[in-house]
Amino acid sequence: QGEHSMDRSTLKVLTGDDHMLSRRLVEKQLEVMGFRDIRTATNGEELLLRLSQEPYDVVILDWVMPVKTGMDVLKECRAQKKFDKIAFVMLSAEAHDNMIQEAMAAGANGYIVKPVTQAVFEEKMKSVVAWLEKARGG
């Protein structure tokens, strides 16, 4: 750990997934990576509500969620300046190129295919944290 790298334990992560097991798995994997402040939401509407209530650093969105999809949430957030410095990661069981491109075009900072392995997740989160550092002038 260099002195310039962000301390993962201080980053606030919000994960949205309507499946409890998926949420639990993501939480566990994040904890293994050193993230400590992890909140969860079960649908897109709840996730947007949480985002409006307090600031987060990283938002991990499952593409398929009830009420509002992860893609809906991503687009809504990216349309608002206040979310510019928040990293959004899409989580999906689908690995179609067009979906990945759509997510990236909509402003996602990463796209993870489920079920995700710890190694792949770690790799993605490394680049997400690096993006955060740059976005915040760190």
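Preceding this section is the structure that the text describes.
What you see is a predicted model, and the numbers here were worked out from it, not measured in a lab. (Residues numbered from 1 in each chain as written. Predicted model: local features only at pLDDT ≥ 70, side-chain atom pairs only at ≥ 80, totals over all residues. Heavy atoms only, no water.)

On to the pairing of strand β1 (residues 12-16), then. Each regular strand shows side chains that alternate between the opposite faces of the sheet. Within β1, 5 of the 5 residues are buried, leaving the element largely enclosed by the surrounding structure. What you see with β1 is no split at all: Lys12, Leu14 and Gly16 on one side and Val13 and Thr15 on the other are buried throughout. Where β1 and strand β2 (residues 37-41) come together, 5 bridges link them in parallel fashion. Directly across from Lys12, in β2, lies its bridge partner Asp37. Handedness of the β-α-β unit built from β1, helix α1 (residues 20-32) and β2 comes out right-handed. Here β1 pairs with strand β3 (residues 58-62) via 4 bridges, running parallel. Looking across to β3, one finds that Gly16 is bridged to Leu61. (Buried < 20%, exposed > 50% of the residue type's maximum accessible area, 1.4 Å probe, protein only. Helix = DSSP H or I, 4+ residues; strand = E, 2+ residues; numbered from the N terminus. Pairing = 2+ DSSP bridges. Right-handed = clockwise from strand over helix to strand, strands pointing away.)

Within helix α2 (residues 44-53), burial applies to Gly44, Leu47, Leu48 and Leu51. All buried residues of α2 project into a common sector of 100° when viewed along the axis, lining one side. (Arc of directions from axis to C-beta.)

On to the environment of Ala87. Along the chain, the position of Ala87 falls in strand β4 (residues 87-92). You can call Ala87 buried: its relative accessible area is 0%. On a C-alpha basis, the gap between Ala87 and Gly107 in space is 9.0 Å, while along the polypeptide they are 20 residues apart. Not counting residues up to four positions away in its chain, the partners in contact with Ala87 are Asp57, Val58, Val59, Arg78, Asn109, Val128, Trp131 and Leu132. (Contact = heavy atoms within 4.5 Å.)

Keep in mind these numbers describe shape, not what the thing actually does.
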